[in-house]
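Chains, contacts and geometry: an overview
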Amino acid sequence: QVQLGESGGGLVQAGGSLRLSCVASGRTFSSIGWFRQAPGKAREFVSAISWSGGRWRYADSVKGRFTLSRDNAKNTVYLQMNSLKPEDTAVYYCAADLTNGVTPLEREYDYWGQGTQVTVSS
């Protein structure tokens, strides 16, 4: 049974940091991706990391500010978010991909978490 869940969201001031965690278990995944959805907007790709390591992808809007890492022993992927901006405010979702590998395409992910709210105040 696949289990996928995010944690670590919260309220932070602009310029601050948060670390999101995604625990994924139950299958052998190709990669874990992060997406976000702001109020009134479509869900968008943020970043992805291969489960075996060595491959990453970031959206241009977060490059240099967000960093992915993983701890396979804990079945966990972390999204470290620094220099947060009000426009980063969104519900953040992690998603697991079985076959495609570090893809930014929402439709290629097989499992989704429930999301965690990140709010950045100005």
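Residues numbered from 1 in each chain as written. Predicted model: local features only at pLDDT ≥ 70, side-chain atom pairs only at ≥ 80, totals over all residues. Heavy atoms only, no water.

Here we come to the overall build of the protein. Helix and strand counts for the protein come out as 0 helices and 11 strands. Each helix and strand of the protein, placed in order from N terminus to C terminus, yields the pattern β-β-β-β-β-β-β-β-β-β-β. Relative to the globule expectation of 14 Å for 122 residues, the C-alpha radius of gyration of the protein, 13 Å, shows essentially globular dimensions. In terms of overall dimensions, the protein has C-alpha extents of about 40 × 30 × 25 Å along its principal axes. (Helix = DSSP H or I, 4+ residues; strand = E, 2+ residues; numbered from the N terminus. Rg over C-alpha atoms; globule rule 2.2 N^0.38 Å.)

The next point concerns the state of the cysteines. Cysteine pairs can be linked by a disulfide, which is a covalent bond between their two sulfur atoms. Counted by the stated rule, this structure contains 1 disulfide. Across a sulfur-sulfur distance of 2.2 Å, Cys22 and Cys94 are joined as a disulfide pair. Its S-S torsion of approximately 65° makes the covalent link between Cys22 and Cys94 right-handed. Highlighted residues: Cys22 in strand 3 (residues 18-25) and Cys94 in strand 9 (residues 90-97), separated in sequence by 72 residues. Each of the two residues, Cys22 as well as Cys94, counts as buried. (Disulfide = S-S within 2.5 Å. Buried < 20%, exposed > 50% of the residue type's maximum accessible area, 1.4 Å probe, protein only.)

A word on the nonpolar core. Counting 32 residues, the largest nonpolar core has Ile32, Trp34, Phe66, Leu79, Met81 and Tyr92 as its most contacted members. Counting only elements with at least two residues in this core, the list comes to strand 3, strand 4 (31-37), strand 5 (44-50), strand 7 (66-71), strand 8 (76-81), strand 9 and strand 11 (116-121). For Phe66, the residues in contact, after removing those within four places along its chain, are Arg36, Val46, Tyr58, Leu79, Gln80, Met81, Asn82, Leu84, Asp88 and Tyr92. (Core = buried A, V, L, I, M, F, W, Y, C linked by side-chain atoms within 4.5 Å. Contact = heavy atoms within 4.5 Å.)

For the structure shown, the criterion picks out 5 salt bridges. Between Glu44 and Arg36 there is a salt bridge whose closest N-O contact spans 2.6 Å. Owing to a relative accessible area of 35%, Glu44 belongs among the partly exposed residues under this scheme. By relative accessible area, which is 6% here, Arg36 ends up buried. A cluster of three or more residues bridged by salt bridges with shared partners is formed by Arg36, Glu44, Arg65 and Asp88. (Salt bridge = Lys/Arg side-chain N within 4 Å of Asp/Glu carboxyl O.)

All right, on to the pairing of strand 1 (residues 3-7) then. Burial along strand 1 is one-sided: the residues Leu4 and Glu6 are buried and none of Gln3, Gly5 and Ser7 is. In terms of strand pairing, strand 1 meets strand 3 through 5 bridges, oriented antiparallel. Along strand 3, the bridge assignment pairs Leu4 with Ala24. (Pairing = 2+ DSSP bridges.)

Within the secondary structure, Ser31 is located in strand 4. From its side chain, Ser31 meets the backbone nitrogen of Val102 in a polar contact 3.0 Å long. Those residues in contact with Ser31 that lie beyond four places of it in its chain are Ile49, Ser50, Trp51, Ala95, Ala96, Asp97, Gly101, Val102 and Tyr109. (Polar contact = N/O pair within 3.5 Å; in protein donor to acceptor, adjacent residues only side chain to side chain.)

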